[in-house]
Amino acid sequence: QIDQWYAPNITAEALAKTNHWDKSELIDFLKKGAANNSTTLGPMREVVHDSLSFLTPGDLDAMASYLLDLTNEKNAPKPEVVDRKLAPEVEQRAAKLYADNCASCHQANGQGIAGSVPPRAGNPVVVASKPFDTLAVVLQGVPARGDIPAMPSFAGSFSDGDVANLANYVRTSWGNKAAPNATPALVKTWR
């Protein structure tokens, strides 16, 4: 944890198999802070802006090679098995929240808009083992950056239950297989 942000899993297995990063996409992400299906958030934006964006191509290549090296995965923890379905009434309410507040930018299918709005489908922040960064994005919003428009905060308009349901909805929709482990109590703490 740094500030109120958590880094997603960057083991080689997660980068290559779960998040579907290849080397060139990872290099772009490290240099520009946006690539594939993700953008930097919180303090990682500063790391890219103030440090990684100045690395040489050789250093970026070496860093990406190291991060994607599956030989370091022998002792990686195994993911927990969790029921990833929402109750039908929860899914219906959360789908409406998404449709009314998120789909105009992130699209009804969660694919986002290439080069402008990050997708929810397959996004490493969304499918991280814990929902912390998803909650932070919904509660705090995200400032504009380059070609990426600002995302507003929903802290003032969503209840703790709404935020938890929405987070769980995006974590389990469009092929996302994250645990629906956001709770109203966790949201209250996160506020």
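The structure this text deals with has already been given above.
What you are looking at is a predicted structure, and each value in this text was computed from that prediction instead of being measured. (Residues numbered from 1 in each chain as written. Predicted model: local features only at pLDDT ≥ 70, side-chain atom pairs only at ≥ 80, totals over all residues. Heavy atoms only, no water.)

Description of the packing of aromatic side chains
In this description, a pair of aromatic rings is defined by centroid distance and the angle of the planes.
Thinking step 1. Per the stated rule, a full pass over the model turns up 5 aromatic pairs.
Thinking step 2. With a centroid separation of 5.0 Å and 15° between ring planes, the pair formed by Phe132 and Trp190 is classed as stacked. With Phe132 in helix α7 (residues 132-140) and Trp190 in helix α9 (residues 184-190), the pair connects residues that are 58 residues apart, well separated along the chain.
Thinking step 3. Look at Phe132 and you get buried, because its relative accessible area is 14%.
Thinking step 4. Overall, the relative accessible area of 9% leaves Trp190 in the buried class.
Thinking step 5. With a centroid separation of 4.9 Å and 20° between ring planes, the pair formed by Phe154 and Phe158 is classed as stacked. Taken as a pair, Phe154 and Phe158 share a single burial class, namely buried.
Thinking step 6. Among the aromatic residues, those joined into a ring-pair cluster are Tyr98, Tyr169 and Trp174. (Phe/Tyr/Trp six-rings, centres within 6.5 Å; stacked < 30°, edge-to-face > 60°. Helix = DSSP H or I, 4+ residues; strand = E, 2+ residues; numbered from the N terminus. Buried < 20%, exposed > 50% of the residue type's maximum accessible area, 1.4 Å probe, protein only.)

Focus on the nonpolar core
Thinking step 1. With 29 residues, the main nonpolar core has Tyr98, Leu135, Phe158, Val163 and Leu166 as its most contacted residues.
Thinking step 2. Listed by contribution, the elements that provide at least two residues to this core are α5 (88-101), α7, α8 (160-172) and α9.
Thinking step 3. In this structure, Phe158 is in contact with Leu97, Asn101, Val138, Val163, Leu166 and Arg191, ignoring residues within four places of it in sequence.
Thinking step 4. Counting residues in hydrophobic clusters, the runner-up holds 13 residues, among them Leu26, Leu30, Val48 and Leu60. (Core = buried A, V, L, I, M, F, W, Y, C linked by side-chain atoms within 4.5 Å. Contact = heavy atoms within 4.5 Å.)

A look at empty space enclosed by the protein
Thinking step 1. All chains considered together, the criterion is met by 1 cavity of 30 Å³ or more.
Thinking step 2. Looking at the largest cavity, its volume works out to about 130 Å³.
Thinking step 3. Cys102, Arg120, Val137, Val138 and Met151 are the residues nearest the centre of the largest cavity, which is lined by 13 residues in total.
Thinking step 4. Of all the elements in the fold, those that place two or more residues in the lining of the largest cavity are α7 and α8.
Thinking step 5. When the residues that make up the lining of the largest cavity are grouped by side-chain class, the tally is 10 nonpolar, 2 polar and 1 charged. (1 Å grid on protein atoms, 1.4 Å probe; cavity = no way out; pocket = protein on both sides within 12 Å on 5 of 7 lines; lining within 4 Å. Points joined across faces, edges and corners; volume = space filled by probe spheres on them. Nonpolar A, V, L, I, M, F, W, Y, C, P; charged D, E, K, R; others polar.)

Regarding the side chain of Asn176
Thinking step 1. By the secondary structure assignment, Asn176 is in the loop between α8 and α9.
Thinking step 2. Among the polar contacts made by the side chain of Asn176, one reaches the main-chain amide nitrogen of Gly122 at a distance of 2.7 Å.
Thinking step 3. Aside from chain neighbours lying at most four places away, what touches Asn176 is Arg120, Ala121, Gly122, Val126, Val127, Val170 and Arg171. (Polar contact = N/O pair within 3.5 Å; in protein donor to acceptor, adjacent residues only side chain to side chain.)

A look at the pattern of salt bridges
Thinking step 1. According to the stated counting rule, one finds 4 salt bridges in the structure shown.
Thinking step 2. In this structure, Asp28 and Lys32 form a salt bridge, with 3.9 Å as the shortest nitrogen-oxygen distance. Separated by 4 residues within a single helix, Asp28 and Lys32 lie in helix α2 (residues 23-32), roughly one turn from each other.
Thinking step 3. Overall, Asp28 belongs to the partly exposed group, its relative accessible area being 32%. (Salt bridge = Lys/Arg side-chain N within 4 Å of Asp/Glu carboxyl O.)

Looking at α2
Thinking step 1. Regarding α2, the residues found buried are Leu26, Ile27, Phe29 and Leu30. All buried residues of α2 fall inside an arc of 160° around its axis, so they share one side.
Thinking step 2. Positive phi appears at Gly33, one or two residues downstream of α2, with a value of about 85°. (Arc of directions from axis to C-beta.)

Overview of the environment of Ala103
Thinking step 1. As for its position among the elements, Ala103 is in helix α6 (residues 103-106).
Thinking step 2. Look past the residues within four positions of Ala103 in its chain and what remains in contact with it is Tyr98 and Ala108.

Some words on the environment of Ala94
Thinking step 1. Within the fold, Ala94 resides in helix α5.
Thinking step 2. For the pair Ala94 and Asn168, spaced 74 residues apart in the sequence, the C-alpha separation amounts to 8.2 Å.
Thinking step 3. Leaving out residues up to four positions away in the same chain, Ala94 has contacts with Asn165, Leu166 and Tyr169.

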